[in-house]
Amino acid sequence: MRRNKHGINPEIVRELVALMDEHGLSELEYGTSDWHARVARGNAGKAAKGDAQSAAEPTSSQSPAPPGAVTSPIVGVAFLSPEPGAPNFVNVGDTVKEGETLLLIEAMKTFNQIRAPKAGKVAQILITNGQAVEYGEVLVVLE
Amino acid sequence: MTSPQDQALALVALGRTESTNTEAHHRAGAGAAHGTLLWAEAQTKGRGRHGREWISPPGNLYASFILRPACDAATATQLAFVAALGVGRFLSRYLDAAIPVHFKWPNDVLVSGRKIAGILAESTMGKTQNLEWVVLGVGINIETHPEGVEWPATSLRAQGGNPPEIAELVEVFGQSFLFCYNEWQEKGFSPIRKAWLERAAGLDEPVRVRLGEESFEGTFVGLDEDGALLVLKDGDKDPSRVTSGDVFPMKVLAGL
């Protein structure tokens, strides 16, 4: 994970701010099992990071996930195809069956198959091949 | 706590198959129990990470576990280390005590510095992105090993090992792995991490890390609590955390 000299990953902060803009939120808290960050507008804003802190409890007002969003269960690297050069598992506009593999997230050499939780059409793919993804990040939106 | 049911090994002999991992996913999807171990005498489409081919002639060991741990996907990545330990302990039974067995992050098993086994862990998520099952595939070079691979390979036979017939080996491997798995379930990652570090290849030595097109070098200084590789780059005060990519302990490689 890329972090600057303050121990902050500026990409995550930028992503969080972008999500707040997109969804009109004044505050966003987000994290994994070993860190979390809270970004807020106004004088309450601060970013926190620590081992003892657990992931933020999701609440509906803070959730950035739209309906049909498939989120990442793990911090890792996304792969849209089973091997380099192979066609993607799915493309925007494809109709998928429940349980169909959408993409892989690799962490510690474990490949996590992310599957369609329901049948539907792939409306958006929000990540690129080889991109680092965070816990809870929206990967694909089905409609 | 581990129930007796969790400890059972259900060995299934497939003969020749395309890929034990592929077959394991089919069977897991159809409800196969935790602890099912699929064994093939040869694979016609054996695969490694990123669809790389795992050449699978008869004589070597090809097997995939179906596991259903009650944990999240992040915790299940610790199985990479559990599997490496299981393979390492299994191999030590058939090797002279003077022959060193080491681990290369996270789950390569090296004998005399050469790669003897490959592990392919594939987790499948359910409807709520919960962990549904893990398929843990292993290929262990018993009689033969490939030449011309990125990290030099070896086999149990080439290392002077005297293995029994393959059917017995598979059973011993299955028990050896489940022993480590149950230790992980009961005591958590800490003892697994410690045992792995005791046999880490190139600890406190120079290491190169390759991530896609990029790579960097530093000193391999340890593992963090989650199993991420800690690499201290020259001039940095704190080590960098590596959770993805290929790792090359340079001194070990130079000595081969």
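Conventions adopted
- Residues numbered from 1 in each chain as written.
- Chains lettered and ligands numbered in written order.
- Predicted model: local features only at pLDDT ≥ 70, side-chain atom pairs only at ≥ 80, totals over all residues.
- Heavy atoms only, no water.
- Helix = DSSP H or I, 4+ residues; strand = E, 2+ residues; numbered from the N terminus.
- Buried < 20%, exposed > 50% of the residue type's maximum accessible area, 1.4 Å probe, protein only.
- 1 Å grid on protein atoms, 1.4 Å probe; cavity = no way out; pocket = protein on both sides within 12 Å on 5 of 7 lines; lining within 4 Å.
- Points joined across faces, edges and corners; volume = space filled by probe spheres on them.
- Nonpolar A, V, L, I, M, F, W, Y, C, P; charged D, E, K, R; others polar.
- Domains from an automatic or database assignment.
- pLDDT = per-residue confidence, 0-100.
- Contact = heavy atoms within 4.5 Å.
- Buried area = accessible area lost by both parts, 1.4 Å probe.
- Pairing = 2+ DSSP bridges.
- Axes fitted to C-alpha atoms, helices over the stretch in contact; angles between N-to-C directions.
- Salt bridge = Lys/Arg side-chain N within 4 Å of Asp/Glu carboxyl O.
- Polar contact = N/O pair within 3.5 Å; in protein donor to acceptor, adjacent residues only side chain to side chain.

Remarks on the overall build of chain A
Inference 1: From N to C terminus, chain A includes one helix and 10 strands.
Inference 2: Across the 143 residues in chain A, those meeting the buried criterion constitute 41%.

Quick notes on empty space enclosed by the protein
Rolled over the atoms, a probe with the dimensions of a water molecule shows which regions are left empty.
Residues and elements named next belong to chain B.
Inference 1: All told, the structure shown has one cavity of 30 Å³ or more when counted by the stated rule.
Inference 2: If you add up the space inside the largest cavity, you get close to 30 Å³.
Inference 3: Considering the residues around the largest cavity, the lining is formed by Phe103, Lys104, Trp105, Ala201, Val207, Phe220, Leu229, Val247 and Pro249.
Inference 4: Counting residues per element, the ones that place at least two in the lining of the largest cavity are β4 (101-104) and β12 (246-249).
Inference 5: The residue makeup of the lining of the largest cavity, split by class, is eight nonpolar, no polar and one charged.
Inference 6: Both of domain 1 (4-198) and domain 2 (206-254) provide at least three residues apiece to the lining of the largest cavity.

What to know about the confidence of the model for chain B
Residues and elements named next belong to chain B.
Inference 1: Confidence in the prediction for chain B averages 94 pLDDT; 97% of positions are at 70 or higher.
Inference 2: Across residues 1-6, confidence stays below pLDDT 50; counting only partners more than four residues off in sequence or on other chains, it has six contacts.
Inference 3: In the predicted assembly, ipTM is 0.93 and pTM is 0.82.

Some thoughts on the domain arrangement of chain B
Residue and element names in this part refer to chain B.
Inference 1: Along its sequence, chain B is carved into domain 1 (4-198) and domain 2 (206-254).
Inference 2: Distance from the C-alpha centre of domain 1 to the C-alpha centre of domain 2: 24 Å.
Inference 3: Tallying the contact residues gives 14 residues for domain 1 and 20 residues for domain 2.
Inference 4: Of the roughly 1300 Å² buried at the junction of domain 1 and domain 2 (both faces included), carbon and sulfur atoms supply 64%.
Inference 5: Counting the surface domain 1 buries against domain 2, the share from its top three residues, Trp105, Trp151 and Arg193, is 48%.

Looking at the sheet that holds strand β10 (residues 229-232) of chain B
Residues and elements named next belong to chain B.
Inference 1: Read from one edge to the other, the open sheet built from five strands follows the order β11-β10-β9-β8-β12, with strand pairing classed as antiparallel. Single-partner strands in this sheet number two, and they are β11 (240-242) and β12. Strand-to-strand twist in this sheet, taken as the mean axis angle between neighbours without regard to direction, amounts to 45 degrees.
Inference 2: Of the strand pairs in this sheet, strand β8 (residues 206-211) and β12 are connected by four bridges, and their pairing is antiparallel. Paired with Val209 across the strands is Val247, a residue of β12.

Observations regarding unusual backbone geometry
Inference 1: Residue Trp105 of chain B is joined to Pro106 of chain B through a cis peptide bond whose omega torsion reads -15 degrees.
Inference 2: With respect to the element layout, Pro106 of chain B can be found in the loop between β4 and β5 (108-111).
Inference 3: Of note, the phi angle at Lys109 of chain A is positive, near 70 degrees, even though the residue is not glycine.
Inference 4: Among the secondary structure elements, Lys109 of chain A is positioned in the loop between β6 (101-107) and β7 (110-115).

As for the layout of surface pockets
All names here are of chain B.
Inference 1: Here the second largest pocket is characterised by a volume of approximately 750 Å³.
Inference 2: Every residue lining the second largest pocket is counted, 35 residues in all, and those nearest its centre are Gly48, Arg52, Trp54, Lys115 and Gly118.
Inference 3: At the level of secondary structure, the elements contributing two or more residues to the lining of the second largest pocket comprise α2 (20-29), β3 (61-67), β6 (114-125), β7 (131-140) and β12.
Inference 4: Tallying contributions element by element places β6 first for the lining of the second largest pocket, with four residues.
Inference 5: For the lining of the second largest pocket, the residue count by class is 13 nonpolar, 11 polar and 11 charged.

Topic: the interface of chain B and chain A
Inference 1: Counting residues at the interface gives 31 residues for chain B, matched by 24 residues for chain A.
Inference 2: Of the roughly 2500 Å² buried between chain B and chain A on both sides combined, carbon and sulfur atoms contribute 51%.
Inference 3: Summed over the shared surface of chain B and chain A, the number is three salt bridges.
Inference 4: Here Glu132 of chain B and Arg115 of chain A are joined by a salt bridge, their closest N and O atoms 3.4 Å apart.
Inference 5: Our count for the chain B to chain A interface comes out at 12 residue pairs in polar contact (both at pLDDT 80 or more).
Inference 6: Residue assignment for the side of chain B that touches chain A shows that the elements contributing at least two residues are α3 (73-76), β6 and β7 of chain B.
Inference 7: Element by element, the count of residues in the side of chain B that touches chain A is highest for β6 of chain B, at six residues.
Inference 8: Among the residues forming the side of chain B that touches chain A, the class breakdown is 10 nonpolar, 13 polar and eight charged.

A short note on the pairing of β6 of chain A
Two faces, one strand: in a regular strand the side chains alternate between the faces of the sheet.
Residue and element names in this part refer to chain A.
Inference 1: Taking burial as the measure, the seven residues of β6 include seven buried ones, the bulk of the element.
Inference 2: Judged from the three bridges that link them, strand β4 (residues 76-79) and β6 form a sheet pairing that is antiparallel. The residue of β6 that forms the bridge with Phe79 is Leu104.
Inference 3: The pairing of β6 with β7 spans six bridges and is classified as antiparallel. Residue Glu106 lies in a different strand from β7, and its bridge partner there is Phe111.
Inference 4: Connecting β6 to the antiparallel partner β7 that follows it, the hairpin turn spans two residues, and Met108 within it adopts a positive phi of roughly 55 degrees.

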